[in-house]
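Chains, contacts and geometry: an overview
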Amino acid sequence: MFAGCAFQHEKPYPVFAPDMHYNPSLKAQEGPAMRTPPSGTVPRGFRPYTYPNLEAAGKELKNPSPRSKAVFSQGKTLYNSYCIVCHGKGGEGDGSVVPKYPRPPSLISEKIRDYPDGSIFHVITMGQNLMPSYADRLDPEERWAVVHYLRALYRSKNPSKDDFKKAEGYVEEDQ
Ligand code: HEC
């Protein structure tokens, strides 16, 4: 049903131009409200995003993408194209635009760990304060892939026992 728009894996990732994102003079016009088309003008194939806040999105939205190698690697490519300049390679808020641009919060925090996938999807879709919306740059499938990648980033810094067990040579320790 979404053939032709939802699965454009081959499209080239645009070169990131930081000035487009954090020019403060653009902020007033860039709020999510301005992006909502008036009713009756929704283009074909465009599904309006209707979740009012990240709590609602977190409760109702489920990540439809599998946790497959392909999805993680897509998420990594997208993260490294769109998010890394502010959030940093490991998600710690130490991107290259900092400190010229205010340091964003860590994405490998317990707060984000405890967000449902839908809440993270909501922030990427709508933006949040200084964080721009990515709704027009990443299609939903791409946003979900980035969410999966953020989970992987978190686990890479906070490996679970299971992650260790998968590693070769792991020896169970008494706690
Ligand atoms: C231009 C810099 C910039 C870029 C690029 C950017 N962010 Fe952000 N992000 C921020 C800032 C600043 C905040 C803090 C917003 C606030 O004060 O609420 C933030 C907040 C967030 C949060 C919520 C963190 C929290 O603790 O509330 C998430 C999740 C997030 N960003 C994910 C992403 C992802 C994923 C991308 C790439 C698709 C991305 N960001 C791209 C600047 C950026």
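Residues numbered from 1 in each chain as written. Predicted model: local features only at pLDDT ≥ 70, side-chain atom pairs only at ≥ 80, totals over all residues. Heavy atoms only, no water.

This part takes up the packing of helix 8 (residues 117-126) against helix 9 (residues 140-157). Two packed helices can be described by the angle between their axes and the distance between those axes. In contact at an axis separation of 9 Å, helix 8 and helix 9 are set at 125° when each is read in the N-to-C sense. One way to sum up the angle between helix 8 and helix 9 is to call them oblique. Note that helix 8 runs across helix 9; the crossing there is right-handed. Counting all contacts with helix 8, which are made through Asp-117, Gly-118, Ile-120, Phe-121, Ile-124 and Thr-125, the residues of helix 9 involved are Pro-140, Arg-143, Trp-144, Val-146, Val-147, His-148, Leu-150 and Arg-151. Classifying every residue of the contact of helix 8 with helix 9 gives 8 nonpolar, 3 polar and 3 charged. (Axes fitted to C-alpha atoms, helices over the stretch in contact; angles between N-to-C directions. Helix = DSSP H or I, 4+ residues; strand = E, 2+ residues; numbered from the N terminus. Parallel < 35°, antiparallel > 145°, perpendicular 65-115°, else oblique. Left-handed = near helix turned anticlockwise from the far one by under 90°. Contact = heavy atoms within 4.5 Å. Nonpolar A, V, L, I, M, F, W, Y, C, P; charged D, E, K, R; others polar.)

So, about the site of the ligand. Around the ligand, a shell composed of 19 residues is seen, among which Cys-83, Cys-86, His-87, Lys-111 and Met-131 lie nearest. Contact between the ligand and His-87: a nitrogen atom at 2.7 Å from a side-chain N or O atom of the residue. Taking Asn-129, its side chain carries an N or O atom lying 2.8 Å from an oxygen atom of the ligand. Given that more than half its atoms are within 2 Å of the pocket grid, the ligand belongs to the second largest pocket. Those elements that provide at least two residues to the shell around the ligand are helix 6 (84-87), helix 7 (110-114) and helix 8. In terms of residue class, the shell around the ligand is made up of 15 nonpolar, 3 polar and 1 charged. (Near = heavy atom within 4 Å. Polar contact = N/O pair within 3.5 Å; in protein donor to acceptor, adjacent residues only side chain to side chain. 1 Å grid on protein atoms, 1.4 Å probe; cavity = no way out; pocket = protein on both sides within 12 Å on 5 of 7 lines; lining within 4 Å. Sits in = over half its atoms within 2 Å of the grid points.)

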